[in-house]
Amino acid sequence: MMLKDQALEALAGRPTDRIPFFLNETHYAPEKVRQMLGNNVATFVRRVDSTRDFYPNLIRLDSQWETLPDGTRARRLTYVTPKGNLTTLQRPAGYTNWTLEYPFKSEQDYPALTCLFEGSYAVSNEAELAEAIRTAPEDTFVRDGLETEPLQELISFWMGTETFCCEWMDNRDRVLEVVRHIIALRRSAYPLIAQSPLTCVTFGGNLAPTVIGPQLAREYYFPYYAELKEALAGTGKLVGCHLDADNQLIFEDIAHSALDYIEAFDPSFGIPVSRARRAFYPRSIWLNWPTGNHWMNAGQAREHTFELCRQAYENGGLAGFIVGITETVPAAHRPILYPAIALGLEDARRAFL
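Cut-offs and rules
- Residues numbered from 1 in each chain as written.
- Predicted model: local features only at pLDDT ≥ 70, side-chain atom pairs only at ≥ 80, totals over all residues.
- Heavy atoms only, no water.
- Axes fitted to C-alpha atoms, helices over the stretch in contact; angles between N-to-C directions.
- Helix = DSSP H or I, 4+ residues; strand = E, 2+ residues; numbered from the N terminus.
- Parallel < 35°, antiparallel > 145°, perpendicular 65-115°, else oblique.
- Left-handed = near helix turned anticlockwise from the far one by under 90°.
- Contact = heavy atoms within 4.5 Å.
- Nonpolar A, V, L, I, M, F, W, Y, C, P; charged D, E, K, R; others polar.
- Core = buried A, V, L, I, M, F, W, Y, C linked by side-chain atoms within 4.5 Å.
- Buried < 20%, exposed > 50% of the residue type's maximum accessible area, 1.4 Å probe, protein only.
- Pairing = 2+ DSSP bridges.
- Phe/Tyr/Trp six-rings, centres within 6.5 Å; stacked < 30°, edge-to-face > 60°.
- Lys NZ or Arg CZ within 6 Å of the ring centre and 35° of its normal.

(A) Structural context of the packing of helix 2 (residues 30-37) against helix 13 (residues 334-352). Where helix 2 meets helix 13, the axes come as close as 10 Å, and the angle between the chain directions of the two elements is 60 degrees. As the angle between them shows, helix 2 and helix 13 are arranged oblique. In this structure, helix 2 crosses over helix 13, and the sense of that crossing is right-handed. Between helix 2 and helix 13, the contacting residues are Val 33, Met 36 and Leu 37 on the first element and Arg 334, Pro 335, Tyr 338, Pro 339 and Ala 342 on the second. When grouped by side-chain class, the residues that make up the contact of helix 2 with helix 13 number 7 nonpolar, no polar and 1 charged.

What follows is the structure in structure tokens.
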């Protein structure tokens, strides 16, 4: 069985003859990893959305590069709408961007923001999706995605955390007016995702429960995982979420959610694998090898990897347990950490499978 097929079996909670080792394709060149570990060791994750958002009220999107005081370059995007403009400033940082200015800056921006999302809908990303699937090597599986949850869309891309919190307290009705349009936008994507050839879809994530609290998570996050799961009923597709923060406040909600897999779960935040495995079972856990332990030497990392697998094995088994690195490892430490994790997984395979 090819690695890409084993990956799908593991995400579905079915047993495989190894403990998968997932690496995001964009974090570190796959060819360098293959040279480091050999072939058929790591499984690479290629992320592509089967839909994209379309904004009928967006007159145009202007782009202009600027030089910052420190000499670095950043791109200013301007969303031009009939009700005003929204501007953001982003600095490229490898596979991602750092947002230096969010588009929404004050309550004067509500008319433009509301106008932008009003009447928006999802369209098929068919061409990009087909190319991603066609060019995926045998050790790479393609994972579908649905941007962010309706409330998280504002936090992550349009307001930022601090501004969102202030607006939630001061102008909640206006926030919710925008959210209603985003809900309609997300729902328009469900039928297109159902028709996609991809098996796994990660719906949003990156929520910080310590910021939004469990009540908002129950009102504006978990119901939409359930909606998507219901919309995909009968397709055999799996729904997951990128839950990489301190999830103690929503631990029970995750355990009773409609999710099939928990992506980027990180035990660094105080929930050990043993407890998560017991509570989340039979959901698959796609572990983020703890970011807080990137400092470990090779021997420590190998032992720690084995210990993570042992906890999973003794509290539900290794079917549906995946070890991955979903965050960036410092470049100088990758040649130490990657082989050590691979050896730890091999140790666990010999001991438990």
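(B) View of the nonpolar core. Core analysis: the biggest nonpolar cluster contains 85 residues, and Leu 154 and Phe 321 have the highest contact counts within it. With 10 residues, the single largest contributor to this core is helix 7 (residues 172-195). Excluding residues within four positions of it along the chain, Leu 154 makes contact with Leu 113, Met 159, Gly 160, Phe 164, Val 175, Val 178, Val 179 and Ile 182. Counting 11 residues, the second largest nonpolar core, distinct from the first, contains Leu 11, Phe 22, Phe 141 and Cys 200.

(C) Spatial organisation of the sheet that holds strand 11 (residues 238-242). The parallel closed barrel is built from 8 strands, whose spatial order is 1-2-9-10-11-12-13-14. Looking at each pair of strands side by side, their axes are set apart by 30 degrees on average, direction ignored. Bridging between strand 11 and strand 12 (residues 261-265) involves 3 bridges; their strand directions are parallel. Within the sheet, the bridge partner assigned to His 242 lies in strand 12 and is Glu 263. Sheet strands touched by helix 2: strand 1 (21-24), strand 2 (43-47) and strand 9 (140-146). Its angle to strand 2, the strand with the most contacts, is close to 170 degrees. The strands that helix 13 touches are strand 1 and strand 14 (321-325); relative to strand 1, the one it contacts most, it runs at about 155 degrees.

(D) Spotlight on the packing of aromatic side chains. Evaluation of the coordinates by the stated rule reveals 19 aromatic pairs. Ring centres 4.7 Å apart and planes at 65 degrees place the aromatic pair Phe 104 and Tyr 110 in the edge-to-face group. A residue is classified by how much of its surface remains accessible, and Tyr 110, at 1% relative accessible area, is buried. Grouping aromatic residues by their ring pairs yields a cluster made of Phe 22, Phe 141, Tyr 261 and Trp 286. Against the face of Phe 251 rests Arg 275, its NZ or CZ located 4.0 Å from the ring centre.

(E) Helix 11 (residues 273-280), seen in detail. Val 273, Ser 274, Ala 276, Arg 277 and Phe 280 are the residues of helix 11 that are buried. Where helix 11 is buried, its residues touch helix 10 (251-255), strand 12, strand 13 (284-288), helix 12 (298-313) and strand 14.

(F) Summary view of the sheet that holds strand 7 (residues 96-101). Across the sheet, which stays open at both edges, the 4 strands sit in the order 4-5-6-7 with antiparallel pairing between neighbours. Whereas interior strands pair on both sides, the edge strands pair on one side only; in this sheet they are strand 4 (60-67) and strand 7. Neighbour-to-neighbour, the strand axes of the sheet open up by a mean angle of 30 degrees, direction not taken into account. As paired elements, strand 5 (residues 73-81) and strand 6 (residues 84-93) share 7 bridges and run antiparallel to each other. When the sheet's bridge partners are listed, Tyr 79 is paired in strand 6 with Leu 86. Against the sheet, helix 3 (residues 110-117) touches strand 5 and strand 6, its axis set at about 80 degrees to strand 6.

(G) Spatial organisation of the packing of helix 11 against helix 12. In contact at an axis separation of 8 Å, helix 11 and helix 12 are set at 35 degrees when each is read in the N-to-C sense. For helix 11 against helix 12, the interelement crossing comes out right-handed. In this structure, helix 11 contributes Val 273, Ser 274 and Arg 277 to the contact, and helix 12 contributes Leu 308, Gln 311 and Ala 312.

(H) Fine view of unusual backbone geometry. For the peptide bond that leads from Tyr 281 to Pro 282, omega is 10 degrees, which places it in the cis range. With respect to the element layout, Pro 282 can be found in the loop between helix 11 and strand 13. Even without being glycine, Asn 40 reaches a positive phi, approximately 60 degrees. You will see that Ala 264, though not glycine, has its phi angle at about 70 degrees, which is positive. Turning to its location among the elements, Ala 264 is positioned in strand 12.

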